Every structure is written in C-alpha cells, then in structure tokens.
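Survey of secondary and tertiary structure
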Amino acid sequence: MSQALIYAGTGYVAVRHGPIPWRGNVTRQAADVKQLYAKRTTRLGRGSNRIGYAVHAILDKCDNVKVLGGLDSEEQAIFIEKEIEKFLGIEDRKVPGEIG
C-alpha cells in the first residue's frame, strides 16, 4: 500500500510518497509558500467520474502547485491545509475555487 508523508520543517515543506519513490515527491522552501488551499478534483473515467480532493499551494512567484492529491475526503484536505498553515504561520485567506 502506498502512503504519503508530509514534512513541515524549519525552512521547508516536503511531501514524500512510499515505499517506492514517486514523481509526486515535492519539496518547497517554506518562505515561498504564501497560501495553501483545499480543492475538489474530478477524474473522468469510463462511464463514471471519480471525485477526489487535493491540497494546493500558492508560491511567492504566483505559481500554483499541487502539494498533495488523491485524498478521499474534503475533511482530510482541509485538515492538512490548516495544519501546514498553522505550522508555517500562514494566515488563512480565501482562494477562488477552494473548498471549505
């Protein structure tokens, strides 16, 4: 079973997938992260759509990157968003398209 670990340390935020390395591994400088937000996602499938949730970050250079995806519930995504913001001292602000 694959799992994702989120690290928020002094100076950085990282997401690591395991046990096999994955292209979704992300490391960002904490100072570059200006806002985090949770977002609902839809994957088109054969005959049905799959709803999922993700956490995105807005970076200093106005880049918007997915930090973590494939979450099963809105509550998971919002919890992760809030905990990282709290740890990094980021004031929560509304972002167009976010949930919660």
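Preceding this paragraph is the structure being described.
The structure contained in this document is the topic of the report that follows. (Residues numbered from 1 in each chain as written. Predicted model: local features only at pLDDT ≥ 70, side-chain atom pairs only at ≥ 80, totals over all residues. Heavy atoms only, no water.)

1. Comments concerning the nonpolar core
General note: in soluble globular proteins, nonpolar side chains tend to be found buried as a group. Rules: Here, nonpolar core refers to any group of buried Ala, Val, Leu, Ile, Met, Phe, Trp, Tyr and Cys residues whose side-chain atoms link them within 4.5 Å. Burial here depends on accessible area, computed with a 1.4 Å probe over protein chains only, as a share of the maximum for the residue type. Under 20% is buried, over 50% is exposed, and the range in between is partly exposed. Each helix corresponds to a stretch of at least 4 residues labelled H or I by DSSP, and each strand to a stretch of at least 2 residues labelled E; elements are numbered beginning at the N terminus. The contact criterion used throughout is that any non-hydrogen atoms of two residues lie within 4.5 Å.
In this structure, Val33, Leu36, Val55, Ala57, Leu71, Ala77 and Ile80 are the most contacted members of the largest nonpolar core, which totals 18 residues. Going through the elements one at a time, strand E2 (12-18), strand E4 (33-44), strand E5 (49-59), strand E6 (64-71) and helix H1 (74-88) are the ones with two or more residues in this core. In this view, Ile80 contacts Ile6, Val55, Leu68 and Leu71; residues no more than four positions away in its chain are not counted.

2. Brief notes about the environment of Arg43
For Arg43, the position within the fold is in strand E4. Along the backbone, Arg43 and Ile58 are 15 residues apart, and their C-alpha atoms lie at a distance of 22 Å. Setting aside residues no more than four positions away along its own chain, Arg43 makes contact with Ser48, Asn49 and Arg50.

3. Topic: the environment of Leu5
Here Leu5 is to be found in strand E1 (residues 3-9). For Leu5 and Arg46, which are 41 residues apart along the polypeptide, the C-alpha to C-alpha distance reads 30 Å. Ignoring sequence-local partners within four residues, the contact set of Leu5 consists of Ala14, Val15 and Arg16.

4. Thoughts on the side chain of His56
Put simply, the rule reads: Pairs of N or O atoms are called polar contacts if they sit within 3.5 Å, as long as, within protein, a hydrogen donor faces a hydrogen acceptor (for residues adjacent in sequence, only side-chain-to-side-chain pairs).
For His56, the location among the structural elements is in strand E5. A distance of 3.3 Å separates a polar atom in the side chain of His56 from a polar atom in the side chain of Asn64. For His56, the residues in contact, after removing those within four places along its chain, are Gln35, Leu36, Tyr37, Lys39, Asn64, Val65, Lys66 and Val67.

5. Quick notes on the side chain of Glu85
Stated precisely, the cut-off is as follows: The convention is simple: Lys and Arg are positive, Asp and Glu are negative, and His and the chain ends are not counted. Salt bridges, as used here, are contacts in which a Lys or Arg side-chain nitrogen is within 4 Å of a carboxyl oxygen on Asp or Glu.
Mapped onto the fold, Glu85 is located in helix H1. Of the buried charged residues, Glu85 lacks a salt bridge, with Lys82 as the closest side chain of opposite charge at 4.4 Å. Glu85 has contacts with Gln35, Leu36, Ile90 and Asp92, leaving out every residue within four places of it along the chain.

6. Observations concerning a nonpolar patch on the surface
As a reminder of what qualifies: Only residues whose relative accessible area exceeds 30% and that take part in no salt bridge are eligible for patches, with like-charged residues grouped when within 9 Å of each other and nonpolar side chains (Val, Leu, Ile, Met, Phe, Trp, Tyr) grouped when within 5 Å. Residue exposure ignores everything except the shown protein chains as possible cover, and the areas themselves are Shrake-Rupley values with a 1.4 Å probe.
A contiguous nonpolar patch, built from Leu5, Tyr7 and Tyr12 and spanning about 270 Å² of accessible area, is present on the exposed surface. Checked against the element boundaries, Tyr7 lands in strand E1.

7. Overview of the pattern of salt bridges
For the structure shown, the criterion picks out four salt bridges. Its salt-bridge partner being Arg50, residue Asp72 comes within 3.4 Å of it at the nearest N-O pair. Of the two residues, Asp72 is situated in the loop between E6 and H1 and Arg50 in strand E5; the sequence distance between them amounts to 22 residues. If you follow the salt bridges from partner to partner, you end up with Glu81, Lys82 and Asp92 in one network.

8. As for the sheet that holds E6
Each strand in a sheet pairs with another by means of backbone hydrogen bonds, the pair being arranged parallel or else antiparallel. Operational definition: If DSSP finds at least two bridges between two strands, the strands pair. Each axis is a line fitted through C-alpha atoms, taken for helices only over the stretch in contact, and angles between the N-to-C directions span 0 to 180 degrees.
Taken in spatial order, the three strands of this open sheet run E4-E5-E6, and their pairing is antiparallel. At either margin of the open sheet sits one strand with a lone partner, and together these are E4 and E6. Strand-to-strand twist in this sheet, taken as the mean axis angle between neighbours without regard to direction, amounts to 25 degrees. Alignment of E5 against E6, held across five bridges, turns out to be antiparallel. Along E6, the bridge assignment pairs Ile58 with Asn64. The sheet strands contacting H1 are E4, E5 and E6, and the helix crosses E4 at an angle near 165 degrees.

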